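# Overview (structure and organization)
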Amino acid sequence: MFRRLMAGVLLVLGVALFLPGCKGQAEMRGKFRKEAMIERMDKIVKTLNLTPEQATKFNELKNKIGEKMDNGLKERKSFREEMLLEVKKDNPDVKILGDRAKERIDIASKNAKESIDLFTDFYNTLDENQKKVFIEKVHKKISALETLQEE
């Protein structure tokens, strides 16, 4: 059960943080993804009847993920511009391209780990009934995704 939960969390975070939400400028995609992610998070916890302490942890989680998404958008834009400048040169420095790409991967990995830690902290504040409701919602999402993959 824990594996499915973690797979669901990683899937939701991965989709929200790394896949484009719509076509258009990067800023608009980022804004759309952020708003959609926050909306999905709010929808999931709406039925949990959070205590004030839990609500505080949840808001901290939402705010930090929102910040990470904003910073990630700026970083991706800067990274893209930097890569395009280098690639357009007659003799691009592949080492610079590779090193910068690895840095970008490290930053994304660090952000994902921090987001998972924040989620775990929030999840640990839930009582057993709230955890059960949350897990049921995650299972529904996973089942829906599995159904889409089968088609």
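Everything discussed here concerns the structure shown above.
So, how was this worked out
Residues numbered from 1 in each chain as written. Predicted model: local features only at pLDDT ≥ 70, side-chain atom pairs only at ≥ 80, totals over all residues. Heavy atoms only, no water. Helix = DSSP H or I, 4+ residues; strand = E, 2+ residues; numbered from the N terminus. Buried < 20%, exposed > 50% of the residue type's maximum accessible area, 1.4 Å probe, protein only. Contact = heavy atoms within 4.5 Å. Areas by Shrake-Rupley, 256 points an atom, 1.4 Å probe, with all protein chains shown as cover. Axes fitted to C-alpha atoms, helices over the stretch in contact; angles between N-to-C directions. Parallel < 35°, antiparallel > 145°, perpendicular 65-115°, else oblique. Nonpolar A, V, L, I, M, F, W, Y, C, P; charged D, E, K, R; others polar. Core = buried A, V, L, I, M, F, W, Y, C linked by side-chain atoms within 4.5 Å. Phe/Tyr/Trp six-rings, centres within 6.5 Å; stacked < 30°, edge-to-face > 60°. Salt bridge = Lys/Arg side-chain N within 4 Å of Asp/Glu carboxyl O.

## Focus on the overall build of the chain
In terms of regular secondary structure, the chain is built from 5 helices and 0 strands. Moving toward the C terminus, one meets the helices and strands of the chain in the order α-α-α-α-α. Looking at the chain residue by residue over its 151 residues, the buried ones come to 31%. Counting contacts in the chain only where the partners sit at least 6 residues apart, residues at least 24 apart contribute 69% of the total. Surface accessibility of the chain: about 10400 Å² in total, with carbon and sulfur atoms responsible for 57%.

## Looking at the packing of helix H3 (residues 52–87) against helix H4 (residues 94–123)
Where H3 meets H4, the axes come as close as 10 Å, and the angle between the chain directions of the two elements is 175°. The orientation of H3 with respect to H4, classified from their angle, is roughly antiparallel. When the residues that make up the contact of H3 with H4 are grouped by side-chain class, the tally is 12 nonpolar, 5 polar and 12 charged.

## Considerations on the environment of Asp117
Take Asp117: it is sitting in helix H4. Along the primary structure Asp117 and Leu61 are separated by 56 residues, whereas in three dimensions their C-alpha atoms are 9.4 Å apart.

## Here we look at the nonpolar core
Met41, Phe58, Leu61, Phe122, Tyr123, Leu126 and Phe134 are the most contacted members of the largest nonpolar core, which totals 18 residues. Sequence-distant contacts of Phe58, that is, excluding residues within four places in its chain, are made with Met41, Asp42, Val45, Leu50 and Phe122.

## Some thoughts on the packing of aromatic side chains
Applying the stated criterion to the full structure yields 4 aromatic pairs. With a centroid separation of 5.5 Å and 50° between ring planes, the pair formed by Phe58 and Phe122 is classed as tilted. Here Phe58, found in helix H3, pairs with Phe122, found in helix H4; they are 64 residues apart in sequence, far enough to count as distant. Grouping residues by exposure puts Phe58 and Phe122 together as buried. Three or more aromatic residues joined by ring pairs form one cluster here, namely Phe119, Tyr123 and Phe134.

## Here's the deal with the pattern of salt bridges
Any two side chains of opposite charge can pair, so long as their charged atoms come close to each other. Within the structure shown, the criterion is met by 10 salt bridges. Notably, a salt bridge pairs Glu82 with Arg100, separated by 3.1 Å at the nearest N-O pair. Of the two residues, Glu82 sits in helix H3 while Arg100 sits in helix H4, which places them 18 residues apart along the sequence. The buried category is assigned to Arg100, whose relative accessible area is 10%. The shortest N-O distance in the salt bridge between Asp99 and Lys102 comes to 3.9 Å. Of this pair, Asp99 and Lys102 both sit in helix H4, separated by 3 residues, roughly a single helical turn.

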